[in-house]
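Each chain, written out:
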Amino acid sequence: GTQHGATQDIMEQRLRVAMSITETLDEFHYGGVACNFLSLDHIILQWTGNDIDGRYCSASLINLSRAVVFAELSEKDAKEAIRKDLNELGLILGALFSGERDVSSDVERRLSDDVFSDFDEANNDDECDHQPSKRGKQRTLGDGLPTYLSSMISAMVGDDTAEVSELYDNASDVLKDLQVAATNPGLCLIPVAKERDRASLVMSNTFYGRRNEVALLTRSLQTVAVLGKPNVAVISGRGGAGKTALVNQIKKPLEDINGRFIRVKFDLNTQPAVLFSALDSFIEEISDDEEGLELKQRIKDSLGSEISVVANSMPNIAKLIDKSSSRFAATAEVSTIHQHEQMKCALCKFIGSIATRKNPIVLFLDDLHWADKTSLDVIQRITVSPDISHCFFLSCYRDNDFALAKPVESMLDGIQSQDVPIIKVPLGRLEIDYTHEFISETLCLPPNLKSMKQLANAVHHKTGGLILYIKNFMYELCEEGLLCFNVSRRWQFDLDQIRQKDISDDVVEYLKHRMAKLAKSRYLLGLRVASCLGSSFSVNTFQRAVDMKGVNLDDFVQFVEGNGFIQRVNQSTMHWAHDAVQQAAYKTISSSKVESLHLLIGGRLLVRTPKEDIDECVFDIVEQMNKGFNLIKTPEQKCDGAQLNLHAGQKAMSSLSFHSAAKYFVCGIKILGDEFWGDNYDLTLSLHQKALEALFAIGDCESMDTIAANILANATCFEDEVNAHLYRMR
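Residues numbered from 1 in each chain as written. Predicted model: local features only at pLDDT ≥ 70, side-chain atom pairs only at ≥ 80, totals over all residues. Heavy atoms only, no water.

What about the overall build of the chain?
In step 1: Within the chain, the secondary structure is distributed over 32 helices and 15 strands.
In step 2: When contacts within the chain are restricted to residue pairs at least 6 apart in sequence, long-range pairs at least 24 apart make up 73% of them.
In step 3: As presented, the chain carries roughly 32,900 Å² of accessible surface, and 47% of it is formed by carbon and sulfur atoms. (Helix = DSSP H or I, 4+ residues; strand = E, 2+ residues; numbered from the N terminus. Contact = heavy atoms within 4.5 Å. Areas by Shrake-Rupley, 256 points an atom, 1.4 Å probe, with all protein chains shown as cover.)

Below is the structure:
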């Protein structure tokens, strides 16, 4: 591992010895005494045989003939005496960590200098003033050591060029940093041979801070598990505050009580029935062991004949029962509103069947600010349902965007109006101590170095303590050379330039400018296309949608992952690191080109998707084409676009996503225009009839009257007018 081949266990043992020596020196300084001559000959280790107070041994300093008392010195001389002690401590610890001293064999031994040939001159004569080793010799002390320890040694020994901010000024901070290494050896004691290439910034995925919030959610989960009463908690905050990361902290306690976690992810391009899709995926993952079979039977018994109601929205539920069974018999045709109510009742029964005392459920509604009206309506219904117990409803949304937050807050008001309490968890900025911890671990720098603290303070001030902002700001500092990995294998930074940087206080705007500035044109195009596809998208869909000539997909993925934009989940799926990152990439598209890009993507998806897969991908295709429908010019293209919207609307209707269905039908009507009543009567009439049904279901009377008037003005027979008259009468 080190240049002397020390294993992790040996390095940890040496760390215990270093802590003992440093603690003894700190006690001397606390008592107002500087050793003034900290020599290897004058340290005795007493092994305890076990780990007491985090140490394997105690250290004693002998021969204190050169010691000085601070009270007898001026303030300047006292600081110089401490600095001299720290310099000599650095020499000793450097030699210790490098393996030049065996400290593991004897019960009691003196750290003599018999094998310290490099330091004989400095330690062989008590009658001579002790001088630090030469600059060149000092600078080799950290060679071969883990980056963290090497940085510590350098900050103790220093040299003539070292800034004051780069050096320790007390033994207490040295001890604290050694204790950090002892509690996190996997990060701080990585052998050089096994260290990752730190020239590339690798962000820590550790969760920082939010202890009160985690405790609150954990207690709420325990209440759900023990008492069975469902709880509703809402986490709000700015984009990038760490809302989703906070929710992820309850996965472990949930796992400990055999609970199940279901995540429903809404995004900028949310498709219809995303809630049903998440629940359907849950069904697909149910195993065929005894517990899984018991759960499947419970679902069947709970839904009964209503299993057919949810079958279109949750295809995997059909696998639980024979389609020839009476439970799967076709139901009588009912109104769309009644269908919607049936679906909500069935959904409540479904969730009630999978959430039990033995297996409580956390239903996480992520980025609820992107949810459509139908989804919010369904969510409100299930959260107040008396059929559901042992379920913890968790949701998060951005509260700093009024337009996005208003529908969510209206839904929450509706829930509270039915005497269902809501636990509100607002998230502000990360506390500055945790910004320090994050940067220390990311750069593998001791947290008590003055320069590290100054860097952390500057970053925290610039980013407002938003963890997403912090990470991306650190990436940008690397890109601009203000933070770099030097030849001494340590991170160095230009603090003055960092403090002078002028950046937006809005994380989305900041990310937008960062992307536009750093990305090569071919990669920026890929980011823009990906931003149009949703928070998560398949590799196949991305390859069909984009045309980056001369760019290898693996090179693109490496670029976006290296900059913290997109992550590749597996060989077939990629997702954005955060919805704010996706939103920022989308904003890099010029407003004059947004429609044409969407239409281009939609056209590519339509042409490049095999015919047998069109039904599965129809929402992807239509969502793109509809955002550029004003640019569709030829009659053939208009008919194709309208037909696709009819297909998508009917599919959305089958899953009772009426708001989405109405949107598709109405867009199909707009694409065709009035002239197609004569050119393609049947398609135009079908879109109008279906639009009436969907608009009636969502209660949009004004739009419904407009559609009905169009039918009555253009229908060629009374039979085609009937529905328009009926809906007007209702």
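With respect to the packing of helix H16 (residues 432–443) against helix H17 (residues 450–463)
In step 1: For the pair H16 and H17, the least separation of the axes is 9 Å and the interaxial angle reads 120 degrees. Our classification of the angle between H16 and H17 gives oblique. Read as a crossing pair, H16 and H17 show a hand that is right-handed. Touching Ile432, Thr435, His436, Ile439, Ser440 and Leu443 of H16 are Met452, Lys453, Leu455, Ala456, Asn457, Val459 and His460, all from H17.
In step 2: Across the contact of H16 with H17, the residue classes tally to seven nonpolar, five polar and one charged. (Axes fitted to C-alpha atoms, helices over the stretch in contact; angles between N-to-C directions. Parallel < 35°, antiparallel > 145°, perpendicular 65-115°, else oblique. Left-handed = near helix turned anticlockwise from the far one by under 90°. Nonpolar A, V, L, I, M, F, W, Y, C, P; charged D, E, K, R; others polar.)

Notes on the packing of helix H30 (residues 681–698) against helix H32 (residues 718–729)
In step 1: Contact geometry of H30 with H32 gives a least axis separation of 11 Å together with a crossing angle of 20 degrees. Regarding the angle of H30 to H32, the classification is roughly parallel. The two elements H30 and H32 cross, and the hand of that crossing is left-handed. Between H30 and H32, the residues in contact are Tyr681, Leu685, Gln689, Leu692, Glu693 and Phe696 and Asp720, Asn723, Ala724 and Tyr727, respectively.
In step 2: Each residue belonging to the contact of H30 with H32 can be placed in one class, and the counts come to six nonpolar, two polar and two charged.

Focus: the side chain of His688
In step 1: Structurally, His688 is set in helix H30.
In step 2: With residues up to four places along the chain from it excluded, the contact list for His688 reads Ile669, Trp677, Ile707, Asn710 and Ile711.

A word on the pattern of salt bridges
In step 1: One pass over the structure, following the stated rule, counts 19 salt bridges.
In step 2: Residues Arg514 and Glu479 are paired through a salt bridge, measuring 2.6 Å at the closest nitrogen-oxygen approach. Of this pair, Arg514 sits in helix H20 (residues 507–518) while Glu479 sits in helix H18 (residues 467–479), and the two are 35 residues apart along the sequence.
In step 3: Judged by its relative accessible area of 1%, Arg514 is buried.
In step 4: Here the salt bridges share partners, and the residues they tie into one network are Glu476, Glu480 and Lys501. (Salt bridge = Lys/Arg side-chain N within 4 Å of Asp/Glu carboxyl O. Buried < 20%, exposed > 50% of the residue type's maximum accessible area, 1.4 Å probe, protein only.)

Brief notes about the sheet that holds strand S9 (residues 391–398)
In step 1: The five strands lie next to each other as S7-S8-S9-S6-S10, forming an open sheet whose pairing is parallel. One side of each edge strand has no neighbouring strand; the edge strands of this open sheet are strand S7 (260–265) and strand S10 (423–427). Within this sheet the neighbouring strands show an average axis-to-axis angle of 15 degrees, counted without direction.
In step 2: Examined bridge by bridge, strand S6 (residues 231–237) and S10 share five bridges and lie parallel to one another. Residue pairing across strands places Ala233 opposite Ile423, the latter belonging to S10.
In step 3: Each of S6, strand S8 (361–366), S9 and S10 is contacted by helix H8 (residues 211–227), which is oriented at about 160 degrees to S10, the strand it contacts most. (Pairing = 2+ DSSP bridges.)

Things to note about unusual backbone geometry
In step 1: Positive phi, normally seen in glycine, also occurs at Asp367, with a value near 55 degrees.
In step 2: Its location among the elements puts Asp367 in the loop between S8 and helix H14 (373–383).

Re helix H1 (residues 8–30)
In step 1: A rise of 1.5 Å per residue sets the reference length of H1, with its 23 residues, at 33 Å; its end C-alpha atoms lie 32 Å apart and thus fit the reference within 8%.
In step 2: One or two positions beyond H1, positive phi appears at Gly32, with a value near 85 degrees. (Expected span 1.5 Å × (residues − 1).)

Some remarks on the packing of aromatic side chains
Each pair of aromatic rings is reported with the distance of its centres and the angle of its planes.
In step 1: Tallied over the full model, the rule gives eleven aromatic pairs.
In step 2: Each ring, one from Phe619 and one from Tyr664, has its centre 5.8 Å from the other, and the planes form 20 degrees; the classification is stacked. With Phe619 in helix H26 (residues 614–626) and Tyr664 in helix H28 (residues 658–672), this residue pair connects regions lying 45 residues apart in the sequence. The pair formed by Phe619 and Tyr664 is uniform in burial state, with each residue classed as buried.
In step 3: Within the aromatic cluster, the residues linked to one another by ring pairs are Tyr523, Phe537, Phe542, Phe556 and Phe559.
In step 4: In this arrangement the basic side chain of Arg66 is found over the ring face of Phe37, its NZ or CZ atom lying 5.3 Å from the centre.
In step 5: Its guanidinium or amino end placed over the ring of Phe261, Lys251 lies 4.9 Å from that ring's centre, counting from NZ or CZ. (Phe/Tyr/Trp six-rings, centres within 6.5 Å; stacked < 30°, edge-to-face > 60°. Lys NZ or Arg CZ within 6 Å of the ring centre and 35° of its normal.)

Focus: H20
In step 1: Its twelve residues give H20 an end-to-end C-alpha distance of 16 Å, which sits within 8% of 16 Å, the value for a rise of 1.5 Å per residue.
In step 2: Within H20, the full set of buried residues consists of Val507, Val508, Tyr510, Leu511, Arg514 and Met515. All buried residues of H20 fall inside an arc of 160 degrees around its axis, so they share one side.
In step 3: Structurally, the start of H20 carries an N-cap: the backbone nitrogen of Val508 is 3.0 Å from a side-chain oxygen of Asp506. (Arc of directions from axis to C-beta. Polar contact = N/O pair within 3.5 Å; in protein donor to acceptor, adjacent residues only side chain to side chain.)

Some details on the environment of Ser686
In step 1: Here Ser686 is to be found in helix H30.
In step 2: For Ser686, a relative accessible area of 30% corresponds to the partly exposed category.

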